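Listed here are the chains, written in short residue letters.
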Amino acid sequence: MNAHAFVPACDRSPAVLPVELLRQFDVPGPRYTSYPTADRFVDAFGADEYARALSMRRLAGAGAPALSLYVHIPFCESLCYYCACNKIVTRHRERGRQYLAYLAREIELQVAQLGRGAAVAQLHLGGGSPTFLDDAELGELMALLHRSFSFVPGGERSIEIDPRTVDAQRLAHLAALGFNRLSFGVQDFDPAVQQAVHRIQPASQVFALMDAARALGFESINVDLIYGLPQQNEASFARTLAQLRALRPDRVALYAYAHLPERFKPQRRIAADALPDAATRVRMLAAAIGQLTEAGYVYIGMDHFALPDDPLAIAKREGRLHRDFQGYGVRPEGDLVALGVSAIGRVGATYSQNAKTLEDYYDLLDQGRLPVVRGLALSRDDLLRRTVIMALMCRGRIEFDAIGEAYAIDFRRHFATEFAALGPLVAQGLVRLSDHDLTVTEQGWFLVRAVAMVFDRYCSANRARFSRVV
Ligand code: SF4
């Protein structure tokens, strides 16, 4: 497949996006960190199917591109009320050590299929809060991974940081362990919002950590913000954005809060009447886009911004962006081995997910079994649509002939229904169509998942499950 031949549709971001347009697309939609999305995974795909996928990769030998690794650490010290992650809130620190012992078992089972010493180009520790583990435990985890895999020199090693659990000394330890990228969960600097979501972290603490991280030479530092939280309003969010500009992280992830209390129990502690209304939320998003682009950030796509010299922004300019379960990245698409409770991986033409509860995860490992409980073997149609959707999400362009040749189809005829559905998006100036390609316009970039949804075979049936496009 010739996906890498695509060039980016645009590499600059419009400073202003009409609020009316954003409002119109304020509907649920997938984030497309995978296609098909995880709600399509089935129980019929389990440990045996995953083991086969790993063995096939092993057979490919040295020809297989280096792996990405994801390690999920599920524990958090306290509960953030907006949380939709798979986490376990506990103050029992000893649970981290027990978890590490089980992770070691899982790694052994994976290595038994994959072969010891598989090359790894990218490592990401996520959660929960990876920094729930203390320095010694994180050191043991890294030693374990180094005994099992071969880390490619110069590869990315990133970790999510809960600023409430680290200080400059801990950051120095992370640097010594080889981490070169950090992601700080900030969400909002406003004290009233922090109180409403039960996540108190003074701005001064985040600024001090940023200074320490820069002094330690971390290559890229990301900050997560969320708009649509309780007690947020346009004035308070404008102050948060001004503080963010002063902080000047290399990357910003700006997520919309999706209030789904029937699915995510912690959100039941958030009163619906404390949330900003849809119109305010849309105006906050428009203000954020304006503030960030004015401050020199490049819009990468799907909630992500980066400074122009950050590798993500460079990759976007050069048409080398990719997208996986961790969001946008610069590494070519490849296999992702996921470790830990509820972790989702991608190997060959399959997706797999580990048991979602710690009890089930430990139980399967006690039986000496890989803890995969669901997943998906992608059909040819899934692979074709994944190519189309990722081309849209990463490069904002579909070249009909290139994909048509790769899949032996007449692209326009094959997607005749989808082309008809694109009509309104063309009329609204979000996409341009020629005989040879579809291009997402500058404005369309901010609503790119609405364009991708047109090519999603499964989306309409499951819309209510997803967060909002805006
Ligand atoms: S938002 Fe993050 S830190 Fe807060 S409870 Fe959820 S996983 Fe833990």
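Quantities reported herein were computed from a predicted structural model and do not represent experimental measurements.

K.L.:
Please clarify how the side chain of H304 should be interpreted in this entry.
P.N.:
Residue placement: H304 occurs in strand β10 (residues 304–306). With residues near it in sequence (within four places) discarded, H304 still touches V252, A253, Y255, V298, Y299 and Y328.

K.L.:
What exactly am I supposed to notice about the pattern of salt bridges here?
P.N.:
All chains considered together, the criterion is met by 24 salt bridges. In this structure, the salt-bridge partner of R52 is E49, at a minimum N-O distance of 3.9 Å. Taken as a pair, R52 and E49 lie in helix α2 (residues 47–60) at a separation of three residues, close to a single helical turn. The exposure class assigned to E49 is partly exposed, which follows from its relative accessible area of 26%.

K.L.:
Would you mind showing me how to read the nonpolar core here?
P.N.:
Across soluble globular proteins, nonpolar side chains have a tendency to be buried as a group. L145, F149, L171, Y361 and F455 are the most contacted members of the largest nonpolar core, which totals 129 residues. Ranked by size, the runner-up nonpolar core spans eleven residues in total, among them L79, V193, I226 and Y257.

K.L.:
Help me understand the site of the ligand, please; the structure alone is not making it clear to me.
P.N.:
By nearness alone, every residue bordering the ligand is listed as C76, S78, C80, Y82, C83, C85, G128, S129 and R199. Residues of the shell around the ligand, tallied by class, amount to five nonpolar, three polar and one charged.

K.L.:
Please clarify how empty space enclosed by the protein should be interpreted in this entry.
P.N.:
Unfilled space is identified by rolling a water-sized probe across the atoms. Here the structure, examined in full by the defined rule, presents two cavities of 30 Å³ or more. Size it by volume and the second largest cavity reaches roughly 30 Å³. What lines the second largest cavity is Y50, Q110, A338, A343, I344, G345, S352, Q353, N354 and V372. For the lining of the second largest cavity, the elements supplying multiple residues, two or more each, are β14 (344–347) and β15 (350–354). Of all the elements, β15 adds the most residues to the lining of the second largest cavity, at three residues. Its residues placed into classes, the lining of the second largest cavity shows five nonpolar, five polar and no charged.

K.L.:
Got a minute to help me understand the packing of aromatic side chains in this structure?
P.N.:
Any two aromatic rings considered together are summarised by their centre-to-centre distance and by the angle between their planes. Within the structure shown, the criterion is met by 16 aromatic pairs. Taking 5.7 Å as the distance between ring centres and 25° as the angle between the ring planes, the aromatic pair formed by F41 and Y351 counts as stacked. Placement of F41 in the loop between α1 (19–24) and α2 and of Y351 in strand β15 is noted, with a sequence separation of 310 residues between them. One exposure class covers both F41 and Y351, and it is buried. Consider the rings of F325 and Y351, whose centres lie 5.6 Å apart with planes at 80°: the pair is edge-to-face. Here F325, found in the loop between β11 (322–324) and β12 (327–329), pairs with Y351, found in strand β15; they are 26 residues apart in sequence, far enough to count as distant. Within the aromatic cluster, the residues linked to one another by ring pairs are F75, Y99, Y102, F132, Y361 and Y362. For the cation-ring pair, R412 lies above F419, with the distance from its terminal atom to the ring centre recorded as 4.4 Å.

K.L.:
Could you clarify how one ought to interpret the side chain of T441 in this entry?
P.N.:
Relative to the assigned elements, T441 resides in the loop between β19 (437–440) and α16 (442–445). Apart from the residues within four sequence positions on either side, T441 is in contact with G429, L430, V431 and R432.

K.L.:
Teacher, can you tell me more about the sheet that holds strand β18 (residues 431–433) here?
P.N.:
Through backbone hydrogen bonds, the strands of a sheet pair up, either in parallel or in antiparallel fashion. If you trace the three strands from one edge of the open sheet to the other, you get β17-β19-β18, paired in antiparallel fashion. Because the sheet does not close on itself, it has two edges, and the strands there are β17 (397–399) and β18. On average, each strand axis in the sheet is tilted by 10° relative to the strand beside it, whichever way the strands run. In the sheet, β17 pairs with β19 via three bridges, with the strands oriented antiparallel. Each bridged residue has a counterpart across the sheet, and for E399 the counterpart in β19 is D437. Where helix α12 (residues 380–395) meets the sheet, its contacts fall on β17 and β19, and the angle it forms with β17 comes to roughly 135°. Strand contacts of helix α13 (residues 400–407): β17, β18 and β19, with the helix running at about 55° to β17, the strand carrying the most contacts.

K.L.:
It is not clear to me how the environment of V166 should be interpreted in this structure. Could you clarify?
P.N.:
For V166, the position within the fold is in the loop between β5 (149–161) and α5 (168–176). For V166, a relative accessible area of 8% corresponds to the buried category. The spatial distance from the C-alpha of V166 to the C-alpha of T417 is 52 Å, given a sequence separation of 251 residues.

Calculation notes
- Residues numbered from 1 in each chain as written.
- Predicted model: local features only at pLDDT ≥ 70, side-chain atom pairs only at ≥ 80, totals over all residues.
- Heavy atoms only, no water.
- Helix = DSSP H or I, 4+ residues; strand = E, 2+ residues; numbered from the N terminus.
- Contact = heavy atoms within 4.5 Å.
- Salt bridge = Lys/Arg side-chain N within 4 Å of Asp/Glu carboxyl O.
- Buried < 20%, exposed > 50% of the residue type's maximum accessible area, 1.4 Å probe, protein only.
- Core = buried A, V, L, I, M, F, W, Y, C linked by side-chain atoms within 4.5 Å.
- Near = heavy atom within 4 Å.
- Nonpolar A, V, L, I, M, F, W, Y, C, P; charged D, E, K, R; others polar.
- 1 Å grid on protein atoms, 1.4 Å probe; cavity = no way out; pocket = protein on both sides within 12 Å on 5 of 7 lines; lining within 4 Å.
- Points joined across faces, edges and corners; volume = space filled by probe spheres on them.
- Phe/Tyr/Trp six-rings, centres within 6.5 Å; stacked < 30°, edge-to-face > 60°.
- Lys NZ or Arg CZ within 6 Å of the ring centre and 35° of its normal.
- Pairing = 2+ DSSP bridges.
- Axes fitted to C-alpha atoms, helices over the stretch in contact; angles between N-to-C directions.

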